[in-house]
Structures are given as C-alpha cells and as structure tokens.
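Chain by chain, the residues run as shown.
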Amino acid sequence: MPDADAPPAPGAVRHLWWRVRDYASVLRWQAGSPRGSDDYLEPEQPVGPPVVLVPGVWEPWQFLRPVAEMLYAHGVRVYAVPTLGYNRRPVPDTARVLSEFLEEHDLRDVVLVAHSKGGLVGKLAMLEHDPQGRISSMVAVNTPFSGSVYARWIPMRSVRAFVPSDATIVALAAEVEVNHRITSAHAFWDPHIPAGSHLDGAQDVVLQTPGHFRPLADPQLRALLLERLTG
C-alpha cells in the first residue's frame with residue numbers, strides 16, 4: 001500500500017523516496033531528544049510491565065527512541081541495554097548480554113521491543129537464556145527471521161550473519177516453541193528484508209509505513225504497544 005505522502009511516481013522513484021525518508025528519520029531520532037538511557041526509568045505514574053529495548057545491528061539504543069519516548073509518556077518504564085553498544089557481536093553473544101542485563105536489574109515480566117537483528121537476539125534469549133522466565137513476550141519490528149539475501153553482498157561479518165543459510169538463522173527458524181509469545185510487526189515494504197518478516201506461529205502485523213526504520217514510529221505499532229502494555 002503506497003505511503004499517503006509519497007510523491008506521485010511509480011516503482012523505483014517511489015522506492016528511492018521512501019529510502020530517503022527512512023534514513024532521514026534515523027538522523028532526526030539520533031539528535032531529537034536530550035534524554036539519556038536512564039531517563040526513561042521513572043515515569044510519573046508507572047503502569048504495566050517493563051520494556052527492554054533491543055536494537056538492530058550497528059544501532060545504538062537511540063534508534064528506538066520513538067518507542068521509548070512514546071511509552072515513557074504513557075507511564076511505561078523503558079530500559080536500554082548500554083552493554084549492547086552498537087550490537088555488532090554475533091547473535092548468541094548478544095543474547096547472553098541481554099540475559100545478564102535482565103538478571104543484573106532483576107527485571108521480570110519483561111516485554112522486549114526489538115528492531116531488526118534485535119528480534120533474533122530476543123528470540124534466542126527467550127529460548128536459551130531465560131531459565132527464570134523473565135521475558136514474557138516480544139514485539140519485533142522488521143526482523144529478518146528468515147535472513148536477507150542482500151546480506152551476502154555486504155563485506156562485513158556483522159551483516160553477512162543474516163544470509164538465509166547462516167547457521168544461527170536456520171537454527172532459530174527451526175525452533176518454534178516461543179513463537180506464540182512473539183508479535184512480528186513489519187512494513188509492507190522493507191528495502192533491507194525483501195522476503196519479509198513472517199514468523200510461523202507468531203502474531204503477524206503488517207504496518208502501513210514503508211521502510212526499515214520509519215515503521216518504528218508507525219501509528220499502528222504505537223497503538224499495538226500501548227494496548228499490550230497499558231490496556
């Protein structure tokens with residue numbers, strides 16, 4: 001479905017316009033607020049379970065700032081994980097870092113809100129690094145659950161880990177026991193994940209904002225998160 005404010009041009013031109021807006025949004029979010037990662041922990045009237053942000057590859061937590069700002073304004077405690085850094089390490093290593101953070105802060109009934117690679121990290125943490133059941137569910141936005149064919153063309157180990165034949169991608173796809181606790185929310189058009197973000201057994205939500213990053217501010221995603229966390 002075309003974006004309401006897209007220029008009246010077909011095919012490649014429209015896709016280029018969507019890409020430009022996608023990356024422009026990222027730059028704006030990086031500089032859009034003076035809040036630090038600890039400034040979302042004490043809302044005036046706390047409600048609902050805590051949220052832990054899990055960004056994608058080469059993404060600091062600020063990539064999820066639209067989610068953090070919106071949830072904090074509605075009373076939700078939002079945690080970033082500073083030790084994730086730019087999330088360049090392999091998915092198994094990062095899943096352990098996430099688990100250690102939850103234990104260190106004794107967080108329970110956690111809802112993960114993840115973007116892209118973060119959804120893979122969250123699923124592996126749910127499967128293998130959560131013996132105490134601290135994670136209740138996850139909302140994953142534009143996650144390459146089946147990998148991305150584009151990854152094979154990027155000469156960076158941290159990105160090539162998303163080729164569809166990668167051992168971690170294949171192993172995670174085969175594990176379905178936690179899928180019913182995952183919501184896969186994804187754009188109808190994602191330039192980074194041409195095969196989409198479908199996950200068998202998960203709740204599937206198609207967002208009407210095109211791109212890989214801009215869907216983090218999609219109104220439907222906001223409504224879904226608010227209903228899940230404060231409803």
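Residue indices follow the written sequence of each chain, beginning from 1 at its first position. Where local features are concerned, this predicted model is filtered to residues with pLDDT of at least 70; where side-chain atom pairs are given and counted, the filter is 80 or more; whole-chain, interface and lining totals use all residues. Heavy atoms throughout the structure, all of them, feed into the side-chain values; hydrogens and water do not.

**Q** Whenever I open this one, the packing of helix α2 (residues 65-73) against helix α7 (residues 219-230) confuses me. Can you help?
**A** The angle between the axes and the distance between the axes are what describe a pair of packed helices. Only the stretch in contact is used when a helix axis is fitted, and all axes are lines through C-alpha atoms; the angle between N-to-C directions ranges over 0 to 180 degrees. Starting at the N terminus, helices and strands are each numbered in turn, a helix being any DSSP run of H or I of at least four residues and a strand any DSSP run of E of at least two. Between α2 and α7, whose axes approach to 11 Å, the crossing angle comes to 45°. Relative to α7, the element α2 is oriented oblique. In the crossing of α2 with α7, the sense of the turn from one axis to the other is right-handed. Counting all contacts with α2, which are made through Val67, Met70 and Leu71, the residues of α7 involved are Arg222, Leu225, Leu226 and Leu229. Amino acids outside the nonpolar list (Ala, Val, Leu, Ile, Met, Phe, Trp, Tyr, Cys, Pro) and the charged list (Asp, Glu, Lys, Arg) are all regarded as polar, and Gly is one of them. Per-class residue counts for the contact of α2 with α7 are six nonpolar, no polar and one charged. The cut-offs work like this: below 35 degrees is roughly parallel, past 145 is roughly antiparallel, 65 to 115 is roughly perpendicular, and the gaps in between are oblique. What makes a crossing left-handed is the near helix being turned counterclockwise from the far one by less than a right angle; a clockwise turn instead makes it right-handed. Any two residues having at least one pair of non-hydrogen atoms within 4.5 Å are treated as being in contact.

**Q** Explanation requested: the packing of aromatic side chains in the structure shown.
**A** Here a ring pair, both rings aromatic, is described through the centre-centre distance and the interplanar angle of the planes. Aromatic rings from Phe, Tyr and Trp, with only the six-membered ring used for Trp, were paired whenever their centres fell within 6.5 Å, and each pair was classed as stacked if the ring planes differed by under 30 degrees, edge-to-face if by over 60, and tilted otherwise. Using the criterion set out here, one finds seven aromatic pairs in the structure. Considering the side-chain rings of Tyr79 and Phe101, the 6.3 Å spacing of their centres and the 70° angle between planes classify their relative orientation as edge-to-face. With Tyr79 in strand β2 (residues 78-79) and Phe101 in helix α3 (residues 91-104), the pair connects residues that are 22 residues apart, well separated along the chain. Relative accessibility thresholds used throughout: buried, under 20% of the residue-type maximum; exposed, over 50%; partly exposed, between the two (1.4 Å probe, protein chains only). Its relative accessible area of 6% is what places Phe101 among the buried residues.

**Q** What exactly am I supposed to notice about the sheet that holds strand β1 (residues 51-54) here?
**A** The strands making up a sheet associate through backbone hydrogen bonding, with each pair oriented either parallel or antiparallel. Ordered in space as β2-β1-β3-β4-β5-β6, the six strands form an open sheet in which the pairing is parallel. The sheet terminates laterally at β2 and β6 (203-207), the two strands that pair on one side only. Pairing between β1 and strand β3 (residues 110-115): four bridges, direction parallel. The partner of Val51 across the bridge, within β3, is Val111. A pair of strands is treated as paired once DSSP finds two or more bridges between them.

**Q** Explanation requested: the pairing of β3 in the structure shown.
**A** For β3, the tally of buried residues reaches six of six residues, placing the bulk of the element in the interior. The two faces of β3 match: Val110, Leu112 and Ala114 on one face and Val111, Val113 and His115 on the other face are all buried. Sheet analysis places β3 next to strand β4 (residues 135-141), joined by six bridges and oriented parallel. Bridging from a neighbouring strand, His115 pairs with Val141 of β4. By convention a crossover is right-handed if, when the strands point away from the viewer, the path from the first strand over the helix to the second runs clockwise. Regarding the hand of the β-α-β motif, the stretch spanning β3, helix α4 (residues 117-128) and β4 is right-handed.

**Q** Which parts of the structure should I look at to understand the pattern of salt bridges?
**A** Here the idea is simple: oppositely charged side chains can pair when their charged atoms come close. We define a salt bridge as a contact between a side-chain nitrogen of Lys or Arg and a carboxyl oxygen of Asp or Glu at a distance within 4 Å. With the rule as written, the count across this model stands at four salt bridges. As a salt-bridge pair, Arg96 and Asp93 come within 2.5 Å of each other at their nearest N and O atoms. With Arg96 and Asp93 both in helix α3 and three residues apart, the pair spans about one turn of that helix. The residue Asp106 makes a salt bridge to Arg134 at a minimum N-O spacing of 3.0 Å.

**Q** How should the side chain of Asp130 be read in this particular structure?
**A** Checked against the element boundaries, Asp130 lands in the loop between α4 and β4. Counting rule for charge: Lys and Arg are taken as positive, Asp and Glu as negative, and neither His nor the chain ends is counted. No salt bridge is formed by the buried Asp130. Its closest oppositely charged neighbour is Arg181, at 5.2 Å. Throughout this description, a polar contact denotes any pair of N or O atoms lying within 3.5 Å of each other; where both atoms belong to protein, one of them has to be capable of donating a hydrogen while the other can accept it, and for residues adjacent in sequence the pair is counted only when both atoms sit in side chains. A distance of 2.7 Å separates a polar atom in the side chain of Asp130 from the backbone nitrogen of Arg134. In this structure, Asp130 is in contact with Ala125 and Ile135, ignoring residues within four places of it in sequence.

**Q** I tried to follow unusual backbone geometry on my own but got confused; where do I start?
**A** It is generally the case that most residues other than glycine have a negative phi and that most peptide bonds are trans. Phi is positive for Asp109, close to 55°, though the residue is something other than glycine. Following the sequence through the fold, Asp109 ends up in the loop between α3 and β3. Positive phi, normally seen in glycine, also occurs at Ser116, with a value near 55°.

**Q** Got a minute to help me understand α3 in this structure?
**A** Residue pairs three or four apart in sequence face the same way in an α-helix, which turns once every 3.6 residues. Here α3 contains 14 residues, and its C-alpha end-to-end distance of 20 Å stays within 8% of the 20 Å for a straight helix at 1.5 Å per residue. Along α3, the residues that are buried comprise Val91, Thr94, Ala95, Val97, Leu98, Ser99, Phe101 and Leu102. Buried residues in α3 make contact with β1, β2, β3, α4, β4 and α6 (167-174). Two residues or fewer past α3, Asp106 is found with a positive phi of approximately 50°. Residue count minus one, scaled by 1.5 Å, sets the expected span of a helix.

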